[in-house]
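Report on the structure
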Amino acid sequence: ADGGRNVQYPADVRGRFITARRITFAILLAFWAVVPFIKVHGRPFLMLDVEHRHFFIFGGVFGAQDAWRLFFILSGVGLALLITTSLSGRIWCGYACPQTVFLEGFFRPIERMIEGPREARMKLDAGPWTFNKVARKVAKHTVFVFLAALTAHVFVGYFVSPYRLWEMIFAGPGKHPEAFAWATALTGLFYGNFAFFREQTCVGICPYGRLQSVLVDPDTVTVGYDVVRGETRAKPAEKAKNPELGDCVDCKRCVVVCPMGIDIRNGLQFDCIGCTKCIDACDEIMDKLHRPRGLIRYDTSRAHNGGQ
């Protein structure tokens, strides 16, 4: 109500979708880290050598005079993203966006490892500054700074040969001040983003989330809540007395696992990044109640609201 930020403490969840996302994250992170070292016919697979104005893309060599090709590359990527969104919603955000991959694949697992699960993190942040809290916070942010620096140096490796970058690191900042400045600035940017800003990047900065509402229609496949099946919400004991009540028990498990802090039962929202955590969380509850899965699922908005 006061305009302040509601800090998110997403709970842990298990399921087929979170497993698929973790495998995807691992593949993407490994590919991202290895690409600067890959060579094709003796040339880098992908490197934008700004210093010498040579751009190596998939083994091909391009110069500044080939900048006009960027129009076709960028427009092709943009069109592919628009088509993907119109068909499958924000699957890019949930599975392949660097913001999601680094945050969910690197930083949040480290945070959980050091500070504990959701309840422990909330209690730690709300409590006084004891030795235990200081030790955990220092350990967490030390690892975060290291990960941010590692991410920044790999990123710089896309503009400078990683072997030359290694020589620059040992030569010292005074020998290569520009590279040092870029690495330092990127480290600060990544650290601030993944340690503090987090979901606000998706909500307040990324234009793609804002465009979602004009890219989807009732037949776009998105993560959603089956309103017809779920309403009216009722506890298991109430539904046992009245089978006409809905399957949703209002446990709010789908809410506490959401990294964006939204309630998927309120319909499609631009905050939703399609991470599918709510699907796994709801399926887990349905399994315990011996009810069919799919109360929250991938489907069209038309189907979520009772249409065909």
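See the structure shown above.
Our subject in this report is the structure included herewith.

Conventions we followed
- Residue positions are given per chain, counting from 1 as you read along its sequence in written order.
- The predicted origin of the model limits local features to residues at a pLDDT of at least 70 and limits the giving and counting of side-chain atom pairs to 80 or more, whereas totals for whole chains, interfaces and linings rest on all residues.
- Side-chain metrics in this entry use all non-hydrogen atoms of the structure; hydrogen atoms and water are not considered.
- Between any two strands, at least two bridges found by DSSP are needed for them to pair.
- Where helices and strands are cited, they refer to DSSP runs of H or I of at least four residues and of E of at least two residues respectively, numbered from the N terminus.
- Interaxial angles span 0 to 180 degrees and are taken between N-to-C directions of axes, which are lines fitted to C-alpha atoms, for helices over the stretch in contact.
- Patch construction takes residues with relative accessible area above 30% that form no salt bridge. Like charges are linked within 9 Å, and nonpolar side chains (Val, Leu, Ile, Met, Phe, Trp, Tyr) are linked within 5 Å.
- Each accessible area is a Shrake-Rupley result for a 1.4 Å probe, and residues are judged covered by the shown protein chains and nothing else.
- One side-chain nitrogen of Lys or Arg within 4 Å of one carboxyl oxygen of Asp or Glu is enough to make a salt bridge.
- In this text, buried Ala, Val, Leu, Ile, Met, Phe, Trp, Tyr and Cys residues form a nonpolar core when linked through side-chain atoms within 4.5 Å.
- Only protein chains enter the calculation, and the probe is 1.4 Å; a residue is then buried if its accessible area is under 20% of its type maximum, exposed if over 50%, and partly exposed in between.
- Contact between two residues is taken to exist if any of their heavy atoms lie within 4.5 Å; hydrogens are not considered.
- Here is the rule: rings of Phe, Tyr and Trp (six-membered ring for Trp) pair when centre to centre is within 6.5 Å. Planes less than 30 degrees apart are stacked, more than 60 are edge-to-face, and the remainder are tilted.

Here we have 3 strands laid out as an open sheet, ordered β3-β4-β5, and antiparallel in their pairing. Edge strands, defined here as strands with exactly one partner in the open sheet, are β3 (46-49) and β5 (60-62). On average, each strand axis in the sheet is inclined to that of its neighbour by 20°, with strand direction left out of account. One ladder, built from 3 bridges, connects strand β4 (residues 54-57) with β5; its direction is antiparallel. Its bridge partner lying in β5, Phe56 is registered against Val61.

On to a nonpolar patch on the surface. Judged by side-chain polarity, Leu70, Ile73, Leu74 and Val77 come together as a nonpolar surface patch covering roughly 390 Å² of accessible area. In this fold, Leu70 is placed in helix α2 (residues 69-88).

Phe107, Phe190 and Phe194 are the most contacted members of the largest nonpolar core, which totals 26 residues. Sorting the residues of this core by element identifies α1 (16-34), α4 (98-115), α6 (131-156), α7 (162-171) and α8 (177-197) as the ones contributing at least two each. Phe194 has contacts with Pro98, Gln99, Phe102, Leu103 and Phe107, leaving out every residue within four places of it along the chain.

Turning our attention to the packing of aromatic side chains. Counting across every chain of the model gives 15 aromatic pairs. Aromatic pair Phe37 and Tyr163: ring centres 5.8 Å apart, planes at 85°, arrangement edge-to-face. Taken together, the positions of Phe37 in the loop between α1 and β1 (39-40) and Tyr163 in helix α7 put the pair 126 residues apart, joining distant regions of the chain. Relative accessible area serves as the criterion here: at 45%, Phe37 is assigned to the partly exposed category. Taken together, a centroid distance of 5.5 Å and an interplanar angle of 90° make the contact between Tyr191 and Phe196 edge-to-face. Aromatic rings pair up to connect Trp32, Phe102, Phe106, Phe107, Phe144, Phe155, Phe159, Phe190 and Phe194 into one cluster.

Treat this as a map of the structure, not an account of what it does.
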